[in-house]
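The lines below spell out each chain.
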Amino acid sequence: MHGIIKPQSSQETVEDRSFATALRGWAYRNKWFVIIVMVPTLLVAAYYYILAADQYQSEAHFIVRTSDSSPMPSSGFSQLLGLGGGSSQSRSEAISVNDYLDSQQAVVALNDRVNLIDRFRRPEADIATRLWFADPTPEMLMRYYRKQVNVRFNQESGITTLRVRAFRPNDSFAIINQLLAMGEERVNMLNRRSQTDALKNARRQLGESEQALLDIQRKMTSFRQLRGDIDPEGSGKAQLGLVTTLQGQLSNARAQLSAMQGIIAPSSPQYVATAARVRALEAQVSGQAGKLTSGGSAIAARLGNYQDLQIRQEFAAKRYEVAAANLEKARDTATKQQLYIVRVVDPNMPVKSEFPERGKVLLTVFLSLMIAYGIGWLLIAGVREHSL
C-alpha cells in the first residue's frame, strides 16, 4: 500500500505550529530574560528604526586670532598647520566667543534671524526628539538648543569645533552659517569696544598731561612776574660772576695794600686811597654775596624755586609727548582689526543622515541589559546556593 501523502500546506502549518510551540516554551522557561532583555531591546529597536526621525549634522572649525600676536607654542597636527595655540588674548577672546554662541542671548538672536523654533519643529521630526512647544520659554528653547548645537574648544590648538543637528540638511547648514556670522559680529564688537576704550583712555591721558603742562607754565609766568625776573637762572649766573669779579679785585687791592706796608707810611695819600679801596670792595663783595644767599628774596632761594618749576615743566612736557604718542598709536591701532575669525573648516551641506546612531544605540542597550541580567542571575544563583 502506498503511504498517504499530505498536502504541502498542511506540512508547513504543522512546522509553524511546532516552531511557535517551541518558541513559547523557550520564552516561558526564560521569561525573565525576555522581560528584562528582549522586550526592552525590541521596543528600542522599534522606536529607532520605525519612529525616530533622521537628523543631519553640519560641522565647521574656526579659530580666533590677533593681528599682532605671536602664536604660543603648540604641538601635534596644529603645529604642522601653523595654527598654534594663539596668544593668551586670542585664547580668552575665543573662549568668550564660544561662551556667547552657547548663551541664551545667542539663542534669542538666532531665533529672530532663522526662525529656530520652526526648524526644530519640522513635520517629519518625531515626538520624542522634536521641540515640543510652539511658543517655548527662552530657558526651554536654550535647553533644546544645547542638545542640537555643540560648541567645543580645543585648549591645545585653540580651534573651536561647531556642530549643528537638525531634521533637514538645509536647516543645519543655515543654522551653522548664521552662528559663524554671529561669532564674527561678536569679534567685531569686541574690536570696536577695545578700540573705543583705547582711544578714550589715550585722549583722557593727553588731556590730563596737557592741563598739567598748562598749569606749570602759568606758575612759571606768575613766578617771573612776581620776582620781576624773566630768567632767574641767568640772573643768578650774572650775580655770581659779579661777586667773583669783585672778589678778584678785592684780592688784588689787598695784595697792593700789603706790599705798601713797611715801604709807605700809613698816612701817605697813596696808602690811604688803597686802604679805602679795599674797604669799598669788601663792602661791595659782602653786599653782592648777600644777594646770592641771604634772606627770602635771595637769588639762591628764587633760583631753587625756579629750578623746581623747571623740573616739573620738563616732566609735564615729557608726559605730554608720551600721551600724544600713545594717542597716535591708539588711532593707528583702531584702523586695524585686532581680532578676527579664521575658518579652518567651512560648514558642510549634509547629504546622509548620521543621527540617531541606531545600531550603536541598540547594541549599547542590548549589552547593558545583558550585563544587568547576568549580574542579577549570578546574585540569585548565589542566594539559592547558600540557602541549600
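Residues numbered from 1 in each chain as written. Predicted model: local features only at pLDDT ≥ 70, side-chain atom pairs only at ≥ 80, totals over all residues. Heavy atoms only, no water.

A. Focus on the overall build of the protein. Secondary structure assignment for the protein yields twelve helices and four strands. Across the protein, contacts joining residues at least 24 apart in sequence account for 76% of those joining residues at least 6 apart. Total accessible area computed for the protein in this model is approximately 24400 Å², and 58% of it derives from carbon and sulfur atoms. (Helix = DSSP H or I, 4+ residues; strand = E, 2+ residues; numbered from the N terminus. Contact = heavy atoms within 4.5 Å. Areas by Shrake-Rupley, 256 points an atom, 1.4 Å probe, with all protein chains shown as cover.)

B. Representation of helix α2 (residues 31–51). Maximal helix bending in α2 amounts to about 30°, located at Met38; proline Pro40 follows within four positions. What α2 keeps buried is the set Phe33, Val37, Thr41 and Ala45. (Bend = angle between axes of the 7 residues up to and from the residue. Buried < 20%, exposed > 50% of the residue type's maximum accessible area, 1.4 Å probe, protein only.)

C. Helix α7 (residues 138–148), seen in detail. Those residues of α7 lying buried are Leu141, Met142, Tyr144, Tyr145 and Gln148. What you see down the axis of α7 is that its buried residues fit within an arc of 165°, all on one side. Summarising the geometry of α7, the exposed residues directed more than 90 degrees from the buried face are Arg143 and Lys147. (Arc of directions from axis to C-beta.)

D. Structural view of the pattern of salt bridges. In total, this model carries ten salt bridges according to the counting rule given. For the salt bridge of Arg163 with Glu59, the shortest nitrogen-to-oxygen distance reads 3.1 Å. Residue Arg163 is found in strand β3 (residues 159–166), and its partner Glu59 is found in strand β1 (residues 56–66); the two are separated by 104 residues along the sequence. Residue classification places Glu59 among the partly exposed positions, given a relative accessible area of 23%. (Salt bridge = Lys/Arg side-chain N within 4 Å of Asp/Glu carboxyl O.)

E. Expanded view of the environment of Arg65. Turning to its location among the elements, Arg65 is positioned in strand β1. A relative accessible area of 14% places Arg65 in the buried class. Considered as a pair, Arg65 and Ile341 are 276 residues apart in the sequence and their alpha carbons are 6.4 Å apart.

F. Looking closely at the sheet that holds strand β2 (residues 149–153). Taken in spatial order, the four strands of this open sheet run β2-β3-β1-β4, and their pairing is antiparallel. In this open sheet, the two strands that pair with only one neighbour each are β2 and β4 (339–345). Ignoring which end each strand starts from, the neighbouring axes of this sheet average 25° apart. Sheet topology note: the β2/β3 ladder contains five bridges and is antiparallel. Note that in β3 the partner of Val151 across the bridge is Leu162. (Pairing = 2+ DSSP bridges. Axes fitted to C-alpha atoms, helices over the stretch in contact; angles between N-to-C directions.)

G. Looking closely at the nonpolar core. One finds Leu101, Leu110, Leu116, Tyr145, Ile175 and Leu179 to be the most contacted residues of the largest nonpolar core, which totals 35 residues. With seven residues, the top contributor of residues to this core is helix α8 (residues 169–227). (Core = buried A, V, L, I, M, F, W, Y, C linked by side-chain atoms within 4.5 Å.)

H. Quick peek at the packing of aromatic side chains. Within the structure shown, the criterion is met by one aromatic pair. Ring centres of Phe120 and Tyr144 lie 5.0 Å apart, and the angle between their planes is 65°; this geometry places the pair in the edge-to-face category. Here Phe120, found in the loop between α6 (116–119) and α7, pairs with Tyr144, found in helix α7; they are 24 residues apart in sequence, far enough to count as distant. Here Phe120 and Tyr144 have matching classes, each one buried. The ring of Tyr100 has Arg186 lying over it, and the distance from NZ or CZ to the ring centre is 4.3 Å. (Phe/Tyr/Trp six-rings, centres within 6.5 Å; stacked < 30°, edge-to-face > 60°. Lys NZ or Arg CZ within 6 Å of the ring centre and 35° of its normal.)

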